[in-house]
Amino acid sequence: MTVIANMFGRWFGRKAPQSGAIGEDRIAVATQSQLIWWRFKKHKLAVLSLVVVALFYLLALFADFLAYTDPESSDSRRGYIPPQSICWFDSDGAFRPYVHGLKGVRDMKTFKLVYTVDPNRKVYIKFFGEGYAYNLFGLIPTKRHLLSYDSTVPENGLFLLGTDVQGRDLWSRLMVASRVSLLIGLAGVTISLFLGVLFGGISGLYGGAIDTAIQRVIELVRSIPTIPLWMGLAAALPNTWSSIQVYFAITLIISLIGWTDLARVVRGRFLSLREEDFVVAADLMGASRMRIIFRHMLPSFTSHIIAAVSLALPAMIISETSLSFLGLGLRPPAISWGILLQDAQNIQTLAIAPWLLLAAVPVIIVILAFNFLGDGLRDAADPYG
Amino acid sequence: MAAFIFRRFLLALATMWAISVLAFTIIQLPPGDFVDAYIARLSSTGSSVSLAEAQGMRELYGLDKPYAVQYLKWVGRVIKGDFGESMEWQRPVSEVIGDRLWITVLISFAALLVTWGLALPIGIYSAVRQYSVGDYVFTFIGFIGLAVPNFLLALIILYVSFRWFGLNVGGLFSSEYELAPWSLAKVWDLTWHLPLPALILALAGTAQLIRIMRANLLDELRKPYVVTARAKGLTETRVILKYPVRAALNPFASTLAYLFPYLVSGSIIVSLVLSLPTVGPVLLKALIAQDMYLAGAIVLLLGLLTVVGTFLSDLALMWIDPRIRHQVDQ
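Everything numeric here is computed off the predicted structure, so don't read it as measured data.

**With respect to the interface of chain B and chain A**
At step 1: Facing the 48 residues of chain B at the interface are 39 residues of chain A.
At step 2: Of all the secondary structure elements, the ones that give two or more residues to the side of chain B that touches chain A are helix 1 (2-28), helix 6 (133-147), helix 7 (150-165), helix 9 (195-221), helix 12 (244-274), helix 13 (279-288) and helix 14 (292-320) of chain B.
At step 3: The leading source of residues in the side of chain B that touches chain A is helix 14 of chain B, at eight residues.

**A short note on the confidence of the model for chain B**
At step 1: Summary statistics for chain B give a mean pLDDT of 81 and a share of 92% for residues scoring 70 or more.
At step 2: Across chain B, element-level confidence peaks in helix 10 (residues 224-231) of chain B with a mean pLDDT of 90 and bottoms out in helix 15 (residues 322-329) of chain B with 62.

**Quick notes on the confidence of the model for chain A**
Residues and elements named next belong to chain A.
At step 1: Chain-level pLDDT for chain A is 78 on average; 90% of the residues reach the 70-or-more range.
At step 2: Summarising per-element confidence for chain A, the mean pLDDT is lowest in helix 1 (residues 2-11) (48) and highest in helix 10 (residues 277-284) (88).
At step 3: A low-confidence stretch, residues 1-5 stays under pLDDT 50, and its non-local contacts, those more than four residues away or across chains, total 17 contacts.
At step 4: Per-residue pLDDT stays below 50 along residues 7-20; that stretch engages in 15 contacts with residues further than four places along the chain or on separate chains.

**A word on the pairing of strand 2 (residues 95-106) of chain A**
All names here are of chain A.
At step 1: Note: strand 1 (residues 87-89) against strand 2, two bridges, orientation antiparallel. Bridged to Cys87 within strand 2 is Tyr98.
At step 2: Between strand 1 and strand 2, which pair antiparallel and follow one another directly, the connecting turn spans five residues, one of which, Gly93, has a positive phi of 90°.

**Re the nonpolar core**
At step 1: Counting 170 residues, the largest nonpolar core has Met231 of chain A together with Leu283 and Ile298 of chain B as its most contacted members.
At step 2: At 17 residues, helix 11 (residues 289-326) of chain A tops the list of elements feeding residues into this core.
At step 3: Ignoring any residue separated from it by four or fewer positions in sequence, one finds Leu283 of chain B in contact with Pro228 and Met231 of chain A together with Ile268, Ala295 and Ile298 of chain B.

**Digging into the environment of Tyr134 of chain A**
All names here are of chain A.
At step 1: Summarising the element assignment, Tyr134 is placed in strand 5 (residues 130-136).
At step 2: Note on Tyr134: 18 C-beta atoms within 10 Å, which makes it partly exposed.
At step 3: Considered as a pair, Tyr134 and Asp64 are 70 residues apart in the sequence and their alpha carbons are 7.0 Å apart.
At step 4: Excluding anything up to four places from it in sequence, Tyr134 contacts Asp64 and Thr142.

**Examining helix 1 of chain B**
At step 1: For helix 1 of chain B, with 27 residues, the first-to-last C-alpha span of 39 Å sits near the 39 Å given by 1.5 Å per residue.
At step 2: Restricting attention to buried positions, one finds in helix 1 of chain B the residues Ala12, Thr15, Ile19, Ser20, Ala23, Phe24, Ile26 and Ile27 of chain B.

**A look at the packing of helix 10 of chain A against helix 11 of chain A**
Residues and elements named next belong to chain A.
At step 1: Two elements in contact, helix 10 and helix 11, have axes separated by 10 Å at closest approach and are oriented at 150°. The angle between helix 10 and helix 11 places the two elements in the roughly antiparallel class. With respect to the hand of their crossing, helix 10 and helix 11 are arranged in right-handed fashion. Between helix 10 and helix 11, the contacting residues are Phe278, Val279, Ala282 and Asp283 on the first element and Ile292, His296 and Met297 on the second.

**Digging into unusual backbone geometry**
Residue and element names in this part refer to chain B.
At step 1: Its identity as a non-glycine residue notwithstanding, Tyr131 has a phi of 65°, on the positive side.
At step 2: Of note, Tyr131 is situated in the loop between helix 5 (93-128) and helix 6.
At step 3: Judged by local crowding, Tyr131 falls into the exposed class, with 12 C-beta atoms found within 10 Å.

So, how was this worked out
Residues numbered from 1 in each chain as written. Chains lettered and ligands numbered in written order. Predicted model: local features only at pLDDT ≥ 70, side-chain atom pairs only at ≥ 80, totals over all residues. Contact = placed C-beta atoms within 7 Å. Helix = DSSP H or I, 4+ residues; strand = E, 2+ residues; numbered from the N terminus. pLDDT = per-residue confidence, 0-100. Pairing = 2+ DSSP bridges. Core = buried A, V, L, I, M, F, W, Y, C linked by C-beta atoms within 7 Å. Buried ≥ 20, exposed ≤ 12 C-beta atoms within 10 Å, placed from the backbone. Expected span 1.5 Å × (residues − 1). Axes fitted to C-alpha atoms, helices over the stretch in contact; angles between N-to-C directions. Parallel < 35°, antiparallel > 145°, perpendicular 65-115°, else oblique. Left-handed = near helix turned anticlockwise from the far one by under 90°.

So this is what it looks like as structure tokens:
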């Protein structure tokens, strides 16, 4: 990854390291976190990725605000409506964004009323208007949304990314799905981190037989094919469980594999730091083991852990997406990227509604961004190198 | 060296044992036992089973015994090749799995070959011609390969080939050979369908291997012995291929041990999208229908597959790298 990041770094005008007396003075008195930040800043693509990741988590925070129709509200008469494009200016040239409305047509084969796009009707989009009720951050009840439209007329509708077979708006669902998928990544990585630091730490600290045993276990875990195992565990979750229980169970299942990489990083750091002069010095001065670990060793490898975490996160997100895609992960009414992609599983559906594949776009962007970010962080983690 | 092989063999056995416990746990996880499910299935079709018969079946399968005993009985039967009965299909599990296991092996192995075949030359090229246009292009493609999960890639390729070329790239056989018995023509048909799924499966691993190969080779190329070789007047090809590439291959082979489980695992989900006749779709169906003997057998067999693959790649590592052989001898 470093190689690629360097290459992109060159494209984005990464500068050669500063030289000269002024630069050296600054570096000589800088704290470690300043050094890391300076090194990280040079990596333009990683900085860009940091912004992208931050934006995505901001989006997750305001998911309901950014959605404009209730992601659960379905209307089978509005199934498979293609994405609408926004016309920004009205016919008189004034800035008044609108989309074309719908028209009820009776299907002569089934005699059902089906909505199709009517180019003669206009549905105006309001900014910061009122829509369905929700709780902002899960606390503040509100009806404000970024976009809204007059939904009292049944022919009105706003479908920026089209609808699925049940007539649910893909844009609104995608917003809510992003929140679920991004949070499950964070939760999974937290559990992995706990396991990784625990086992990696024990392994690196004690060495000897304990180390060998833990290393063998890690090797064993890594040689088990993950997807069949996950599938088996996920399928065994009782049907009676609520979607919240399933959510936590799935998080636990995907983090059962992810901890091995983190454990390796932690162990490696412990082993190399154990021999460092400052650790030996602290030991000779009579510092307790806990003090050595938390006061002296931990600060010098937190940056490594953060880098490893940001490289582990995309793997978690892919795992959840794969499981939900197979129908063994989160269960409806929960919405995640994998569940959205499940609708686009076969070629027959894709032929009718190719826009359902758009749910793959945020997955790819987030995974790429996390990879670049982790890469930049890993380079910056050791600013003396 | 024999000691090294023996140690790896022991580790493989331990892994296999752990996988068998996991597979058995998966079989046991759903509430109720095999007989309960069997009775429920029979009563849904109108027939019934008396309590005595049910008790007889429980004794036959040892379901009234403790967990450990049941496990041992199951392992004992599995070693003899008897995986139990599939409820969903009403046939022995080994019959249901049949050819599908070999097709899984075939696809995973083909993907492995593609990974090797692509990563080696591209890695060498990218290192020798660092920062050239070709290097950038390959790195870029590699990045896509890393960022797009392989089932998504399969989905996108499926859509693109359908939309713009009117082709259905799913499946592993043309329709006329799908149910036909094995023949030369069928094998030929298979060789035409195999490359695409193998490539989709291989892309992420290839991207990773190219990176590793490139970084290792760049390190090696800067070493003094390369200058010496050039000074002696060796041709450039020989300088690169004879020493630095060989030295750079070492981590390449060790990554392989982790690549194989990854490929087998990936083949499951890609098979579903591309409707390939591997064990993947059967596993998913078995899990959803809670046909647990079938699901457990597939998890066990896939585990066995990766353990054998890992063991073989350890042997390959020793064969490639004399340093390991000698270190082991000491």
